[in-house]
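One-letter residues, chain by chain:
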Amino acid sequence: MNYEDIAVTRGAGWLEIQINRPEKLNSIREKTAENILHAMEAVEFERDCAAVILCGSDKAFCTGIDTSEFQIKDNEYFDFYRYRRRARRVNRLFRELPAYTKPVISAVEGFALGGGLELALAGDIIVAAETAKFGLPEIKLGLMPGGGGTQTLSRLIGKPLAKELMWTGRRITAAEAREMRLVNHVTPAGQALAGTRAHAAAARAAVELSARRARPHARAAPPDGDAGGAGRRAA
């Protein structure tokens, strides 16, 4: 199936979803979320598909929410409210990704900012190129992370580091993200997708039922503590 905002490729036992909005640095809108949800739902009950890979371009994995959708014309405030009330597919994406029954692996090249970082955090494994940049810049716009980042980031890296990143909006490198245990692996530039494919192949070779049953338990596990956080296991 052809999609407007994503490109979908079938691998040898997994599905690759590439956010394909280069003119917007892969920021996501309601249509993007709708496309991703549809593609993931289409393979959730396929036993030959053991994992889902999310990726972007060399310049950007995802730079968050496309704020151009929030522009309101004169005398259209109620229409905008009704649209946001009835659509909310972006919110649904962030809500349903953690509950998905297959591993979700993110290949991050370039920027993963705001909702883009939260999108990767909603998955299970992050493989980042050494040139990748991460951050939650919402504070600089007078906003706060709205895709679950306030909770997910704190659970992963601990409250002190999470508050620092949220309150300053500063960007961190892939090396810093790995040190914070925010990402699992760091690869040379241009090799993040290859790294995620290796993990998808491993998931394909694993016992499917065991992996599916282990996923929700792993995501529900409490953090080790505020100082260290649970983190992702880097190797």
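Residues numbered from 1 in each chain as written. Predicted model: local features only at pLDDT ≥ 70, side-chain atom pairs only at ≥ 80, totals over all residues. Heavy atoms only, no water.

Caption draft 1: Quick peek at the pairing of strand S2 (residues 14–19). Here S2 lies mainly inside the structure; five of its six residues are buried. Across five bridges, the pairing between strand S1 (residues 6–10) and S2 is antiparallel. Residue Thr9 lies in a different strand from S2, and its bridge partner there is Glu16. Taking the residues between adjacent antiparallel strands as the criterion, S1 and S2 are bridged by three residues, where Gly13 takes a positive phi near 115°. As defined by bridge partners, S2 adjoins strand S3 (residues 51–55) across five bridges and the pair is classed as parallel. Residue Gln18 lies in a different strand from S3, and its bridge partner there is Cys55. Handedness of the crossover joining S2 and S3 through helix H1 (residues 30–43) is recorded here as right-handed. (Buried < 20%, exposed > 50% of the residue type's maximum accessible area, 1.4 Å probe, protein only. Helix = DSSP H or I, 4+ residues; strand = E, 2+ residues; numbered from the N terminus. Pairing = 2+ DSSP bridges. Right-handed = clockwise from strand over helix to strand, strands pointing away.)

Caption draft 2: Up close: unusual backbone geometry. Phi is positive for Leu25, close to 50°, though the residue is something other than glycine. Inspection of the secondary structure puts Leu25 in the loop between S2 and H1.

Caption draft 3: Expanded view of the environment of Val108. By secondary structure assignment, the location of Val108 is in strand S5 (residues 104–108). Using a relative accessible area of 0% as the deciding quantity, one classes Val108 as buried. A sequence separation of 84 residues divides Val108 from Ala192, and the C-alpha atoms of the two residues are 6.3 Å apart. In contact with Val108, other than residues within four places in its own chain, are Phe61, Ile126, Val127, Ala128, Ala129, Ala132, Phe134 and Ala192. (Contact = heavy atoms within 4.5 Å.)

Caption draft 4: How the structure looks around the pattern of salt bridges. Inspection of the entire model under this criterion finds 13 salt bridges. Where Glu164 meets Arg170, a salt bridge forms, and the shortest distance between an N and an O atom there is 3.2 Å. Measuring nitrogen to oxygen at the nearest pair gives 3.4 Å for the salt bridge that ties Glu176 to Arg170. For Glu176, a relative accessible area of 27% corresponds to the partly exposed category. One salt-bridge network, in which partners are shared between bridges, spans Glu4, Asp5, Arg21, Arg29 and Asp66. (Salt bridge = Lys/Arg side-chain N within 4 Å of Asp/Glu carboxyl O.)

Caption draft 5: Spotlight on the sheet that holds S5. What the six strands build is an open sheet, ordered S1-S2-S3-S5-S7-S10; its pairing is mixed. With partners counted over all chains shown, the strands left at the sheet margins are S1 and strand S10 (185–187), one partner each. Strand-to-strand, the axes of this sheet are offset by a mean angle of 20°, without reference to chain direction. For S5 and strand S7 (residues 125–129), the ladder comprises four bridges, and the chain directions are parallel. Bridging from a neighbouring strand, Ile105 pairs with Ile125 of S7. Across the sheet, H1 is in contact with S1, S2, S3 and S5; its angle to S2 comes to roughly 175°. On the sheet, helix H8 (residues 192–205) packs against S2, S3, S5, S7 and S10 and is oriented at approximately 165° with respect to S5. (Axes fitted to C-alpha atoms, helices over the stretch in contact; angles between N-to-C directions.)

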